[in-house]
Amino acid sequence: VYEVWAANPGFTEPGYSGIIVDEFIWRSDAHYRAWGEAVKRIHDTPAFQDRVFYAWCGDLYEMPAGLEFSRLLMQLGYRFVWERYLPEQPDPEQARQLLYRDLYVPSQQWQKAMPGIERHMVVCLGYLCAPPESLNLNPGVDYHAFLDMQFRMLATDPTFFGLYGIMEYMASYADEESVRWAHRLFRHYCIEGHRTPLVTQPYQLSHLKNSDFAEGLEGWEVLPAEDGAVEPAQMEGFSWLQGRYPRTTEGDTFCLMKRSAKRPNRIRQTIASLEPGRLYSLKLIAAQPNRLHEKDGTEVRIDVDGVDFLDPYEFQFVYPSCYSHEIGPYTRQNPAYFTLYRLVFRTKGPTAELTLSDWAEPDTPGGPPGQQTAFNFLEVQPFLEP
């Protein structure tokens with residue numbers, strides 16, 4: 001273990017201040033004895049005196065071997081990166097309860113087991129909010145408002161006074177807007193020392209109804225090309241394969257369209273409660289439920305009337321299910337494939353008309369008749385000005 005760590009550029013090359021080792025969780029006593037001996041050798045190596053060792057970890061205070069290892073790290077002056085990846089909650093009260101249970105209480109337990117631990121600890125929050133793994137579970141909630149709540153607790157609750165640092169995991173699982181929001185939160189709370197919220201928009205989004213089709217097609221105007229061509233459906237594990245984390249049944253429901261050769265299937269809804277002149281994003285995740293193993297993507301046409309689009313921020317891309325989100329025939333070797341869509345638009349008025357269809361263009365199917373298209377996670381929320 002020592003030879004591997006000691007050969008890392010974080011210890012051997014100029015311009016680095018140390019290494020972060022991922023990850024220390026539930027392991028045997030023998031593992032922690034070996035790791036402890038390696039850490040002591042790192043500390044006693046003269047060439048590494050100006051370098052720091054960071055242990056990326058879970059709740060090490062809950063197991064004797066982990067607690068002993070933690071005390072050793074603290075004695076040597078090293079640091080902890082404590083993983084706190086909190087899933088989005090459906091309303092502010094449940095979000096506050098989660099923060100109390102998963103941030104406040106375990107921090108108190110850490111400090112009781114190891115007084116002063118907070119001055120050696122970096123709390124690592126999760127801004128996982130895009131495929132292939134996302135804490136952004138509910139399209140009816142503004143994930144950035146939830147993220148603000150987490151930062152504000154760490155910055156203002158006395159339990160966290162003296163906290164060594166805050167970080168986020170990880171940029172490749174976040175969209176660019178959320179990375180920009182996180183950096184603003186770092187500045188707002190951690191550098192400038194503000195105590196009031198940075199994100200002022202409501203926690204719950206009121207722009208669309210039934211945006212995950214949990215209530216069938218309620219709230220949507222349905223215009224099928226043929227009888228039975230548009231219907232609510234569900235699939236066990238659909239949201240897990242999409243990337244929602246931790247596993248939940250939320251998102252196992254979706255709108256299912258069966259493409260017709262006659263005309264497109266369509267559903268409509270008015271996007272409400274918009275602030276005229278403000279930027280908003282619209283996201284959607286689609287798949288072919290009877291052909292999830294194929295990489296060719298899914299055609300969903302998204303039309304929004306009464307807005308101006310910002311084309312540079314529009315994208316759609318096909319992605320495989322996360323390597324760790326396995327269910328049924330879908331594994332890291334045989335993933336399921338989904339298509340993520342995002343549009344960004346500036347509003348002209350308090351409402352806009354949203355239409356979704358399974359033809360690529362109004363007069364072009366874009367795929368064979370009978371092909372199935374499933375979609376959900378329709379999220380409309382304020383977009384941070386670039």
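What comes next is a walk through the structure. (Residues numbered from 1 in each chain as written. Predicted model: local features only at pLDDT ≥ 70, side-chain atom pairs only at ≥ 80, totals over all residues. Heavy atoms only, no water.)

1. Here we look at the pairing of strand β13 (residues 301-305)
- Of the two faces of β13, the one lined by Ile302 and Val304 is fully buried and the one lined by Arg301, Asp303 and Asp305 carries no buried residue.
- Of the strand pairs in this sheet, β13 and strand β17 (residues 352-357) are connected by five bridges, and their pairing is antiparallel. Within β17, the position partnered with isoleucine 302 by the bridge is leucine 356. (Buried < 20%, exposed > 50% of the residue type's maximum accessible area, 1.4 Å probe, protein only. Helix = DSSP H or I, 4+ residues; strand = E, 2+ residues; numbered from the N terminus. Pairing = 2+ DSSP bridges.)

2. Re the pattern of salt bridges
- Per the stated rule, a full pass over the model turns up 20 salt bridges.
- Arginine 301 serves as the salt-bridge partner of aspartate 303, at 2.9 Å between the closest nitrogen and oxygen.
- Between glutamate 385 and arginine 346 there is a salt bridge, with its nearest N and O atoms 3.0 Å apart. Linking glutamate 385 in the segment after β18 (372-382) with arginine 346 in strand β16 (residues 337-347), this pair joins segments that are 39 residues apart in sequence.
- For glutamate 385, a relative accessible area of 37% puts it in the partly exposed group.
- Here the residues in one salt-bridge network are Asp175, Lys283 and Glu379, joined through shared partners. (Salt bridge = Lys/Arg side-chain N within 4 Å of Asp/Glu carboxyl O.)

3. Here's the deal with the packing of aromatic side chains
- Throughout the structure, instances matching the rule amount to 30 aromatic pairs.
- Between the aromatic rings of phenylalanine 309 and phenylalanine 345, the centroid separation amounts to 6.3 Å while the plane-to-plane angle is 80°, which identifies the pairing as edge-to-face. Separated by 36 residues along the polypeptide, phenylalanine 309 in strand β14 (residues 307-309) and phenylalanine 345 in strand β16 bring together distant segments of the chain.
- By relative accessible area, phenylalanine 309 is classed as partly exposed at 34%.
- Taking NZ or CZ as reference, arginine 41 lies 4.0 Å from the ring centre of tyrosine 2, over its face.
- Over the aromatic face of tyrosine 164 sits the side chain of arginine 79, whose NZ or CZ is 4.2 Å from the ring centroid. (Phe/Tyr/Trp six-rings, centres within 6.5 Å; stacked < 30°, edge-to-face > 60°. Lys NZ or Arg CZ within 6 Å of the ring centre and 35° of its normal.)

4. Some thoughts on the environment of methionine 74
- As for its position among the elements, methionine 74 is in helix α4 (residues 64-75).
- Each C-alpha atom, one on methionine 74 and one on methionine 235, is 48 Å from the other, the two residues being 161 residues apart in sequence.
- Excluding its chain neighbours within four sequence positions, the residues that come into contact with methionine 74 are Phe80, Met114, Pro115, Gly116, Ile117 and His120. (Contact = heavy atoms within 4.5 Å.)

5. Some thoughts on α4
- With 12 residues, α4 should cover 16 Å at 1.5 Å per step; its first-to-last C-alpha distance of 16 Å lies within 8% of that length.
- Among the structural elements, β1 (18-24), α3 (29-44), β2 (52-57), β3 (79-84) and α5 (92-113) are those in contact with the buried residues of α4.
- Glycine 77 lies just past α4 and shows a positive phi near 85°. (Expected span 1.5 Å × (residues − 1).)

Geometry only, nothing functional implied.
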